[in-house]
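Coordinate analysis (summary)
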Number of protein chains: 2
Amino acid sequence: MKFRRSERLIDMTNYLLEHPRELVPLTYFAEKYGSAKSSISEDLGIIKETFETRGIGILKTVPGAAGGVKFYVHVGQEEAAALIEELCNVFESPERLLPGGYLYLNDILGNPTIVRNVGRVIASAYAKADIDAVMTVATKGISIAYAVAGFLNVPVVIVRRDPKVTEGSTVSINYVSGSTKRIQTMVLSKRSLSEGARVLIVDDFMKAGGTINGMIDLLQEFNASVAGIAVLVESEETEERLVDDYLSLVRLSNVNVREKTISVSEGNFFSRIHFNNGSV
Amino acid sequence: MKFRRSERLIDMTNYLLEHPRELVPLTYFAEKYGSAKSSISEDLGIIKETFETRGIGILKTVPGAAGGVKFYVHVGQEEAAALIEELCNVFESPERLLPGGYLYLNDILGNPTIVRNVGRVIASAYAKADIDAVMTVATKGISIAYAVAGFLNVPVVIVRRDPKVTEGSTVSINYVSGSTKRIQTMVLSKRSLSEGARVLIVDDFMKAGGTINGMIDLLQEFNASVAGIAVLVESEETEERLVDDYLSLVRLSNVNVREKTISVSEGNFFSRIHFNNGSV
């Protein structure tokens with residue numbers, strides 16, 4: 001079955017979007033469409049240009065016998081700024097403020113479009129990094145973790161507060177919550193991480209950073225390492241921050257639960273990302 | 001800025017894939033690309049044909065002044081059968097068996113490709129149904145719920161076992177677990193569902209159906225209704241099933257924890273779906 005160029009372009013676009021960071025040999029497409037490699041090469045040139053012009057992502061050509069193309073998600077500075085501004089506006093609403101200086105985020109974390117865009121922006125920052133898995137802690141960070149993992153094409157590993165039968169054997173650690181100074185526990189299924197894995201930690205909300213610090217400790221138990229830390233929202237704390245090296249999209253400050261006021265500004269994203277190459 | 005047809009096809013494909021079940025007016029594309037509506041119409045004809053031939057989905061044209069196109073995810077019988085067979089093979093491994101007849105599923109539920117494909121198959125069954133939200137219970141069903149919701153373009157609502165400060169005010173119900181006959185609690189944030197919402201319940205695993213029954217009860221508290229129930233795995237129970245009307249991709253039977261044996265077969269998917277129109 002022969003394919004016209006227009007059909008190939010549509011089907012290849014869909015395939016590449018669904019297989020980020022995967023090396024696709026030219027022969028794969030050539031055989032799929034019964035086309036010459038030279039035609040496929042031309043098709044990919046058109047897709048590459050359009051992906052870059054339209055801000056969809058980057059298509060990297062790997063030359064040689066074992067070569068092919070790789071699609072990387074990429075979000076430009078303007079698009080990232082627009083998303084972060086949109087998030088700031090949404091977060092500013094005073095009805096979101098909850099006891100203890102937390103924010104109601106369920107509607108945002110449940111919105112597939114927002115979650116997808118947050119995932120794209122975070123994944124874009126780590127698109128070319130060496131990452132084997134995305135880790136988060138149940139429950140609220142899960143949606144963003146999956147969105148990021150989908151764009152990076154790596155599995156998601158979910159840390160829990162309590163062991164469950166469905167986890168199988170688990171490794172557990174105790175950590176001190178940065179805000180409340182209480183001792184807490186987190187567990188991770190033993191089978192969920194392989195030795196030496198490079199892990200991107202993702203969460204929805206960071207105050208002092210105790211939970212994220214706990215995840216870092218947990219990674220050590222698995223002889224795994226931290227490849228990055230990214231949060232949707234960081235809240236300014238009077239106390240010392242336990243984590244230094246992280247990426248945040250939005251920052252809360254001047255949280256006043258009694259007066260129901262809050263200041264929302266962009267996080268450290270733009271000071272951490274070098275936009276000439278779009279990575280951390 | 002003028003666009004060539006090839007560029008339009010690539011960019012439109014990306015746009016439609018990212019906006020399922022959304023009515024996109026022809027004028028949107030015509031203005032975006034500075035093209036005549038007749039050219040856009042031809043482009044959409046090519047995309048429609050390719051989407052259908054390559055099993056990407058269905059493009060429905062809505063005629064008239066308020067018209068445009070809508071993209072629906074659609075999985076054909078063959079593709080669904082291949083996925084379900086793959087799942088059966090993965091599930092069969094005896095190391096998955098856990099105490100109580102549960103299965104270790106974390107690796108499957110953490111794999112973005114599998115989760116995406118499971119989400120596509122379930123969403124395809126409900127693509128044309130009137131659904132306002134996808135609901136699941138924390139933690140394990142969340143990944144599939146997000147995948148389904150992404151393809152249906154509706155928000156995800158997450159029921160929890162315990163209230164948390166970040167949920168705001170909650171509504172809680174008690175229910176009887178179908179397997180253990182113990183009284184359990186589930187809570188849902190008050191702001192998370194609007195009155196009259198039509199909700200698709202999604203979960204990873206169903207034994208007797210007590211948890212799903214609990215979610216149905218919870219929906220009543222919100223004056224919301226069940227638009228469908230879909231699970232990845234159902235486990236055959238000797239006891240009476242509490243839920244009748246559901247969709248399952250995989251069925252476990254003859255679970256013998258002592259002997260570490262298990263039978264895995266396809267769920268009720270193919271007996272519930274009419275493949276001439278691909279819907280429940």
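Residues numbered from 1 in each chain as written. Chains lettered and ligands numbered in written order. Predicted model: local features only at pLDDT ≥ 70, side-chain atom pairs only at ≥ 80, totals over all residues. Heavy atoms only, no water.

In the annotation of an unreviewed UniProt entry, the entry for chain A reads Pur operon repressor, and the organism field reads Mesobacillus maritimus. Under Subunit (unreviewed entry), UniProt gives the following word-for-word description of chain A: "Homodimer." What UniProt states about chain A under its Sequence similarities (unreviewed entry) heading is, verbatim, "Belongs to the purine/pyrimidine phosphoribosyltransferase family. PurR subfamily." (UniProt positions renumbered as here; feature names shortened; annotations may be inferred.)

1. Brief notes about the overall build of chain A
Along its length, chain A carries nine helices and twelve strands. By the compact-globule yardstick of 19 Å for 280 residues, chain A fits well, its C-alpha radius of gyration being 21 Å. On the principal axes, the C-alpha backbone points of chain A span a range of 65 × 45 × 30 Å. Across the 280 residues in chain A, those meeting the buried criterion constitute 55%. Pairs at least 24 apart in sequence give 61% of the contacts found in chain A among residues at least 6 apart. Looking at chain A as shown, the accessible area adds up to about 11700 Å², and 46% of this sits on carbon and sulfur atoms. Taking the average location of the 30 positive side-chain charges in chain A and that of its 34 negative ones, the two points are 4 Å from each other. (Helix = DSSP H or I, 4+ residues; strand = E, 2+ residues; numbered from the N terminus. Rg over C-alpha atoms; globule rule 2.2 N^0.38 Å. Buried < 20%, exposed > 50% of the residue type's maximum accessible area, 1.4 Å probe, protein only. Contact = heavy atoms within 4.5 Å. Areas by Shrake-Rupley, 256 points an atom, 1.4 Å probe, with all protein chains shown as cover. Lys, Arg positive; Asp, Glu negative; His and termini not counted. Charge placed at Lys NZ, Arg CZ, Asp CG, Glu CD.)

2. Comments concerning the sheet that holds strand E5 (residues 133-137) of chain A
What holds strands together in a sheet is hydrogen bonding between their backbones, with the strands either parallel or antiparallel. Residue and element names in this part refer to chain A. Strand order in the open sheet formed by six strands is E6-E5-E9-E10-E11-E12, with mixed pairing between adjacent strands. The two strands at the open ends of the sheet, each matched to only one other strand, are strand E6 (156-159) and strand E12 (261-266). Direction aside, neighbouring strands of the sheet carry axes that sit 25° apart on average. Here strand E9 (residues 198-206) pairs with strand E10 (residues 225-235) via eight bridges, running parallel. Bridge pairing in E10 places Val-202 opposite Ala-230. Packing of helix H6 (residues 112-126) onto the sheet brings it into contact with E9, E10 and strand E11 (247-256), and relative to E10 it is tilted by some 145°. (Pairing = 2+ DSSP bridges. Axes fitted to C-alpha atoms, helices over the stretch in contact; angles between N-to-C directions.)

3. Overview of the interface of chain B and chain A
Facing the 56 residues of chain B at the interface are 56 residues of chain A. Summing both sides of the interface, chain B and chain A together bury roughly 4700 Å²; the carbon and sulfur share of this comes to 60%. On inspection of chain B and its partner chain A, the count reaches six salt bridges. Here Arg-54 of chain A makes a salt bridge to Asp-11 of chain B, at a shortest N to O gap of 3.4 Å. (Buried area = accessible area lost by both parts, 1.4 Å probe. Salt bridge = Lys/Arg side-chain N within 4 Å of Asp/Glu carboxyl O.)

4. Considering the UniProt feature "domain: Bacterial purine repressor N-terminal" (unreviewed entry) in chain A
Those residues carrying the UniProt feature "domain: Bacterial purine repressor N-terminal" (unreviewed entry) are residues 4-72 of chain A in this numbering. Summarising residues 4-72 of chain A: 57% helix, 16% strand, and an end-to-end C-alpha distance of 26 Å.

5. Side note on the packing of aromatic side chains
What the rule picks out here adds up to 16 aromatic pairs over all chains. Note on Phe-51 of chain B and Phe-71 of chain B: the rings are 5.5 Å apart at their centroids and 70° apart in plane angle, and the pair reads as edge-to-face. A residue pair is termed long-range when its members are at least 10 positions apart, and Phe-51 of chain B in helix H3 (residues 37-53) and Phe-71 of chain B in strand E2 (residues 68-73) qualify at 20 residues. Measuring from ring centre to ring centre gives 5.8 Å for Tyr-102 of chain B and Phe-205 of chain B, while their planes differ by 35°; the resulting arrangement is tilted. Placement of Tyr-102 of chain B in strand E4 (residues 102-103) and of Phe-205 of chain B in strand E9 (residues 198-206) is noted, with a sequence separation of 103 residues between them. Assessed through its relative accessible area of 24%, Tyr-102 of chain B is described here as partly exposed. For Phe-205 of chain B, a relative accessible area of 13% translates into the label buried. Grouped by ring-pair contacts, the aromatic residues Phe-3, Tyr-15, Tyr-28, Phe-29 and Tyr-33 of chain A constitute a single cluster. Directly above the ring of Tyr-72 of chain A sits Lys-128 of chain A, whose terminal nitrogen or CZ lies 5.2 Å from the centroid. Positioned above the aromatic ring of Tyr-102 of chain B is the side chain of Lys-207 of chain B, whose terminal nitrogen or guanidinium carbon lies 4.4 Å from the ring centre. (Phe/Tyr/Trp six-rings, centres within 6.5 Å; stacked < 30°, edge-to-face > 60°. Lys NZ or Arg CZ within 6 Å of the ring centre and 35° of its normal.)

6. A few points about the relation of the copies chain B and chain A
Overlaying chain B on chain A yields an RMSD of 0.0 Å, the required transformation being a rotation through 180° with an accompanying axial translation of 0.0 Å. Taken together, the rotation angle and the small translation identify this as a two-fold axis. If distances are taken from each C-alpha of chain B to the rotation axis, the shortest is found for Ile-10 of chain B, at 2.9 Å. A shared interface surface links the copies, since 100% of the contact residues of chain B are contact residues in chain A too. (Least-squares fit on C-alpha atoms with pLDDT ≥ 70 in both.)

7. A short note on the pairing of strand E6 (residues 156-159) of chain B
All names here are of chain B. On E6, burial covers both faces: Val-156 and Ile-158 on one face and Val-157 and Val-159 on the other are all buried. Looking at chain direction, strand E5 (residues 133-137) and E6 are connected through four bridges and run parallel. Each bridged residue has a counterpart across the sheet, and for Thr-136 the counterpart in E6 is Ile-158. In this view, the connection linking E5 to its parallel neighbour E6 by way of helix H7 (residues 142-152) has right-handed handedness. (Right-handed = clockwise from strand over helix to strand, strands pointing away.)

8. Quick look at the environment of Asn-268 of chain A
Checked against the element boundaries, Asn-268 of chain A lands in the loop between E12 and helix H9 (269-272). Put simply, Asn-268 of chain A and Leu-247 of chain A are 21 residues apart on the chain and 6.1 Å apart in space, counted from C-alpha to C-alpha.

9. Quick word on helix H2 (residues 26-33) of chain A
Residues and elements named next belong to chain A. The complete set of buried residues in H2 reads Leu-26, Phe-29, Ala-30 and Tyr-33. Looking straight down H2, one finds its buried side chains confined to an arc of 100°; they lie on one side. Immediately beyond the C-terminal end of H2, within one or two residues, lies Gly-34, with a positive phi of roughly 60°. (Arc of directions from axis to C-beta.)

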